[in-house]
Amino acid sequence: MKFMIPFLTSMLPLASVAQSQSGAASGVPSVAIPKTTAVMVIQTAKRGVTAQQVMAVIPAEIRATVQLYLDGKIRQWYSRGDGKGIVFLVEAKTEDEARAIMETLPLAKEHLMDEEYIPVGPLMPLRALVGPGAQQ
């Protein structure tokens with residue numbers, strides 16, 4: 001177990017090269033792109049939006065966000081460490097699906113926030129731990 005972190009760390013550059021190049025052309029075995037299991041959404045206030053504008057909508061935003069969490073559409077959410085916004089982990093298989101969920105929130109309806117959508121999935125180098133038959 002103490003060798004797992006160094007192993008995974010050493011596999012990341014290989015996975016990166018394998019995903020960015022054709023396996024046949026580079027001689028490096030290809031690695032599958034992970035299946036999207038969630039979408040990370042990073043929200044920041046749009047340029048020119050004041051804290052007062054955001055705070056006027058926050059009570060409704062909190063209620064709507066909690067409802068999405070209870071409905072299983074938002075898995076987790078966090079305040080950004082720099083205080084400049086929120087990070088959500090949304091239960092969605094595509095960016096469009098996540099965008100449709102996030103557009104139901106009051107801050108989005110008021111066009112106060114910018115969003116960045118990042119699909120995420122399983123850490124692909126972990127497949128090396130389960131053997132060659134798992135390389136699908």
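J.: Explain the sheet that holds strand E1 (residues 38-45) to me, using residue names and the numbers behind them.
T.: With respect to topology, four strands assemble into an open sheet ordered E2-E3-E1-E4, the strand pairing being antiparallel. Only two strands of the sheet have a single partner each, and these edge strands are strand E2 (74-79) and strand E4 (113-120). Geometrically, the sheet is characterised by an average inter-axis angle of 20° between neighbouring strands, direction not taken into account. When E2 meets strand E3 (residues 85-90), the two strands line up antiparallel, connected through five bridges. When the bridges of E3 are listed, Ser 79 appears paired with Ile 86. With respect to the sheet, helix H3 (residues 51-70) is in contact with E1, E2 and E3, its orientation differing from that of E2 by roughly 140°. Sheet strands in contact with helix H4 (residues 95-102) are E1, E3 and E4, and its direction is about 145° off that of E4.

J.: Can you tell me about the nonpolar core, naming the residues and giving the values?
T.: Within the largest apolar cluster, twelve residues are counted, these being Val 39, Val 41, Leu 68, Ile 74, Phe 88, Val 90, Ala 92, Ala 98, Ile 101, Met 102, Leu 105 and Tyr 117. If you list the elements that add at least two residues to this core, you get E1, E3 and H4. Tallying contributions element by element places H4 first for this core, with three residues. Filtering out sequence-adjacent residues up to four positions away, Met 102 remains in contact with Val 41, Gln 43, Phe 88, Val 90, Ala 108 and Tyr 117. One finds Val 57, Leu 107, Leu 112 and Met 113 within the second-largest nonpolar core, a separate group that totals six residues.

J.: Explain the pairing of E1 to me, using residue names and the numbers behind them.
T.: Here eight bridges tie E1 to E4, and the two strands are oriented antiparallel to one another. Among the inter-strand pairings, Ala 38 is bridged to a residue of E4, identified as Val 120. Sheet topology note: the E1/E3 ladder contains six bridges and is antiparallel. Bridged to Ile 42 within E3 is Val 87.

Conventions we followed
- Residues numbered from 1 in each chain as written.
- Predicted model: local features only at pLDDT ≥ 70, side-chain atom pairs only at ≥ 80, totals over all residues.
- Heavy atoms only, no water.
- Pairing = 2+ DSSP bridges.
- Helix = DSSP H or I, 4+ residues; strand = E, 2+ residues; numbered from the N terminus.
- Axes fitted to C-alpha atoms, helices over the stretch in contact; angles between N-to-C directions.
- Contact = heavy atoms within 4.5 Å.
- Core = buried A, V, L, I, M, F, W, Y, C linked by side-chain atoms within 4.5 Å.
- Buried < 20%, exposed > 50% of the residue type's maximum accessible area, 1.4 Å probe, protein only.

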